[in-house]
Amino acid sequence: MRLLIVEDEKRLALSLARGLTAEGFAVDVVHDGLEGLHRAGEGAYDLVVLDIMLPGMNGYRVCAALRAAGHDVPILMLTAKDGEYDEAEGLDTGADDYLTKPFSYVVLVARVKALLRRRGTGGGSSVRTLGPLRVDTGARRVLHGEIEVPLTAKEFAVLEQLVVRAGEVVSKAEILEHVWDFAYEGDPNIVEVYVSTLRKKLGAELIRTVRGAGYRLEAPR
C-alpha cells in the first residue's frame, strides 16, 4: 500500500516514513499543504497522513479540497492542537480519523492499518482466500493450507497487491508504484525477484506470468 505523509516537521515526517516503510508500506513525504494537495489529488495513494498546521495551505483546507474534488482516499489528520472543537472541525472537513500530538507511533500504525482495512473490505473480513492460500491483510499473516508462511514486509506488500486484485492482471509498474516509494530509482526487475521468492514460498502455480502485461494470482486448477 502506498502512503503520503504531509507534515512540515521534517524530523517527525522522516521518522514516520522510516517506520512505515519498515512495516511494508511505500511512503512519500511532502512538507507543504499545496504540494500535498497536488500529490494526493493525483489519486495514487491508499491513505494520506495529513498535518493540520502546514505552510501554503492548512490541513483542513487540503482535506476539504480533496473531498470537494471527489477523492475518497482515507485521511488521518495529525495536529498539535487539542480539544473536541479541533477534532470535530477535522472530521467535518472529511477526515476519517484524528490523532493529537504527541502520539504513540504504535497507535498511529494501528490507526493506519484500521483505515486501510475499513476501505479495503467495507468493514468486513480482512481475510482473502484463493484455493489453499489465505491472506489476512489486517493481521498481515499468510497461510498455505494449515501452515503459516513467514514473509518479509516487502514480500507481503507484493502479495497484497496481487491478492486484492486476484484474477486480474497486475502490471510490474503498478506493483513497483505501490510497494516501492515515489523516489525509487533502482532496477525495476526487483519485482521479478520478489515474485520469484513468493512462488518458492507459496507454490509456482499460484502466480501466473502474463507475458508483456504482468502477473495474475489465481487458484490452481
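Preceding this section is the structure that the text describes.
Now for a description of the structure that goes with this document.

The rules behind the values
- Residues numbered from 1 in each chain as written.
- Predicted model: local features only at pLDDT ≥ 70, side-chain atom pairs only at ≥ 80, totals over all residues.
- Heavy atoms only, no water.
- Helix = DSSP H or I, 4+ residues; strand = E, 2+ residues; numbered from the N terminus.
- Contact = heavy atoms within 4.5 Å.
- Areas by Shrake-Rupley, 256 points an atom, 1.4 Å probe, with all protein chains shown as cover.
- Pairing = 2+ DSSP bridges.
- Axes fitted to C-alpha atoms, helices over the stretch in contact; angles between N-to-C directions.
- Salt bridge = Lys/Arg side-chain N within 4 Å of Asp/Glu carboxyl O.
- Buried < 20%, exposed > 50% of the residue type's maximum accessible area, 1.4 Å probe, protein only.
- Polar contact = N/O pair within 3.5 Å; in protein donor to acceptor, adjacent residues only side chain to side chain.
- Expected span 1.5 Å × (residues − 1).
- Core = buried A, V, L, I, M, F, W, Y, C linked by side-chain atoms within 4.5 Å.

Considerations on the overall build of the protein chain
- On a plain count of helices and strands, the protein chain comes out with 8 helices and 12 strands.
- Considering only residue pairs separated by 6 or more positions, the protein chain has 56% of its internal contacts joining residues 24 or more positions apart.
- Accessible area for the protein chain stands at about 10700 Å²; split by element, carbon and sulfur atoms hold 52% of it.

Some points on the sheet that holds strand β10 (residues 169–170)
- Within the open sheet, the 3 strands sit side by side as β10-β12-β11. Their pairing is antiparallel. Sheet topology places β10 and β11 (207–210) at the edges, where each strand pairs with a single neighbour.
- The sheet contact formed by β11 and strand β12 (residues 214–217) spans 4 bridges and is antiparallel. By the bridge assignment, Arg-208 is partnered in β12 with Arg-216.
- Those strands touched by helix α6 (residues 153–163) are β10, β11 and β12, and its axis lies near 75° from that of β12.

Description of the pattern of salt bridges
- One pass over the structure, following the stated rule, counts 15 salt bridges.
- For Lys-101, the salt bridge identified is with Asp-51, shortest N-O distance 3.3 Å. Taken together, the positions of Lys-101 in the loop between β5 (97–100) and α5 (105–121) and Asp-51 in strand β3 (residues 47–51) put the pair 50 residues apart, joining distant regions of the chain.
- The exposure class assigned to Asp-51 is buried, which follows from its relative accessible area of 2%.
- Salt bridges here are not isolated pairs; linked through shared partners, they connect Glu-7, Glu-9, Asp-51 and Lys-101.

Remarks on the environment of Gly-33
- Assignment of secondary structure puts Gly-33 in helix α2 (residues 33–41).
- Taking the C-alpha atoms as reference, Gly-33 lies 6.0 Å from Pro-55; in sequence the two are 22 residues apart.

Here's the deal with the environment of Glu-218
- Its location among the elements puts Glu-218 in the segment after β12.
- Sequence-wise, Glu-218 and Ile-207 are 11 residues apart; in three dimensions their C-alpha atoms are separated by 6.5 Å.
- A distance of 2.9 Å separates polar atoms of two side chains, one belonging to Glu-218 and the other to Arg-208.

Notes on helix α1 (residues 10–22)
- With 13 residues, α1 extends 18 Å between its outermost C-alpha atoms, agreeing within 8% with the 18 Å of an ideal straight helix rising 1.5 Å per residue.
- Every buried residue of α1 is accounted for by Ala-13, Leu-16, Ala-17, Gly-19 and Leu-20.
- After α1 finishes, the residue Gly-24 shows a positive phi value of roughly 105°.

Quick notes on the nonpolar core
- Counting 25 residues, the largest nonpolar core has Ile-175 and Leu-217 as the members making the most contacts within it.
- Those elements giving two or more residues to this core turn out to be β7 (133–136), α6, α7 (172–179), α8 (190–202) and β12.
- The contact partners of Ile-175, leaving out residues within four places of it in the chain, are Val-158, Leu-162, Val-170, Trp-180, Val-191 and Tyr-215.
- Counting residues in each nonpolar core, the second largest holds 20 residues, with Leu-20, Leu-76, Leu-108 and Val-109 among its members.

Any functional reading would require information beyond the geometric quantities listed.
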